[in-house]
Amino acid sequence: MCRYHYPPPKAEELSGKCSDAWEAVYGSVLVRMVLDCTEYRIQAPSSRKAARTVWSDYKQGHTAKILAAIAPSGAFVWSSDAFPGRVSDIEICECSGFMDLVEEGDCYPADKGFDGLAASLREKLARVVAPPRRFRGVAQFTSDEREQGALQSNLRIHVERHFSRVQAWGVFSRKKISLLYADLIGNMFFVVTPLMQF
């Protein structure tokens, strides 16, 4: 399920209003939302099958995973429900209702985990912009790739800052969230995120 915190900004609302930092990286391309996933550690389920489902290789632990989108202004726009940690970023995008939000001409800055979303977005005449990826056999990034990757990361860091504010709150601040709250993690995230913006 996908829940709006605020309506996604429209093209006419963003036109000419992005900061110089955004325009330096993305030019005149329409950036409506920045995408990222966040994971919260949960207690290990007693069932082996359930434990495998919520295991996250990235976090090396049992997690619940949420996809969120933040406007260039820094406001949380929407978030998905919580998914098991084993689910990939791309699968969450396709199952959460995110694709219903995509409009023609949209550009979505994201990290390298969202590279695989490019084909689905192309069908809607939109695109994802991720930092350059180094491939096997290529010794190092070019200076242009390094600079572009750093500029993109500097803008996406605002998403991480928002996530860290949420993590400092109540139940999210625990080392592991109790399984008693597992079904409520997405709802709690939805309630807490607007409060963390002030």
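Residues numbered from 1 in each chain as written. Predicted model: local features only at pLDDT ≥ 70, side-chain atom pairs only at ≥ 80, totals over all residues. Heavy atoms only, no water.

**Q** A description of the confidence of the model for the protein should follow, citing residues and the corresponding values.
**A** Looking at the protein, the pLDDT average stands at 79 and 76% of residues meet or exceed 70. Of all secondary-structure elements in the protein, the lowest mean pLDDT belongs to strand β1 (residues 2-4), at 61, while strand β7 (residues 83-84) reaches the highest, 93. (pLDDT = per-residue confidence, 0-100. Helix = DSSP H or I, 4+ residues; strand = E, 2+ residues; numbered from the N terminus.)

**Q** Give me the lowdown on unusual backbone geometry, citing residues and values where you can.
**A** One non-glycine residue, Q60, adopts positive backbone phi at about 55 degrees. You can see Q60 is positioned in the loop between β4 (55-56) and β5 (61-70). Relative accessible area serves as the criterion here: at 52%, Q60 is assigned to the exposed category. Even without a glycine there, the phi angle at L125 is positive, about 60 degrees. Relative to the helices and strands, L125 is located in the loop between α5 (118-123) and β9 (127-129). (Buried < 20%, exposed > 50% of the residue type's maximum accessible area, 1.4 Å probe, protein only.)

**Q** Any details on the sheet that holds strand β2 (residues 30-31)? Residues and values, ideally.
**A** Spatial ordering of the open sheet is given by β2-β8-β9, a layout of three strands whose pairing is parallel. Pairing within the sheet leaves two strands with one partner each, and these edge strands are β2 and β9. Here β2 pairs with strand β8 (residues 106-109) via two bridges, running parallel. Its bridge partner lying in β8, V31 is registered against C107. (Pairing = 2+ DSSP bridges.)

**Q** Tell me about a positive patch on the surface, and name the residues and values.
**A** On the surface, R48, K49, R52 and R86 cluster together to form a positively charged patch. Along the polypeptide, R86 turns up in the loop between β7 and α4 (89-95). Relative accessible area serves as the criterion here: at 55%, R86 is assigned to the exposed category. (Patch = residues over 30% accessible without salt bridge, like charges linked within 9 Å, V, L, I, M, F, W, Y side chains within 5 Å. Areas by Shrake-Rupley, 256 points an atom, 1.4 Å probe, with all protein chains shown as cover. Salt bridge = Lys/Arg side-chain N within 4 Å of Asp/Glu carboxyl O. Lys, Arg positive; Asp, Glu negative; His and termini not counted. Charge placed at Lys NZ, Arg CZ, Asp CG, Glu CD.)

**Q** For a nonpolar patch on the surface, give the residues involved together with the corresponding values.
**A** Where nonpolar side chains cluster on the molecular surface, the patch consists of L180, Y181 and L184 and spans about 310 Å² of accessible area. Within the secondary structure layout, L180 lies in the loop between α6 (143-167) and α7 (185-195). Judged by relative accessible area, which is 74%, L180 ranks as exposed.

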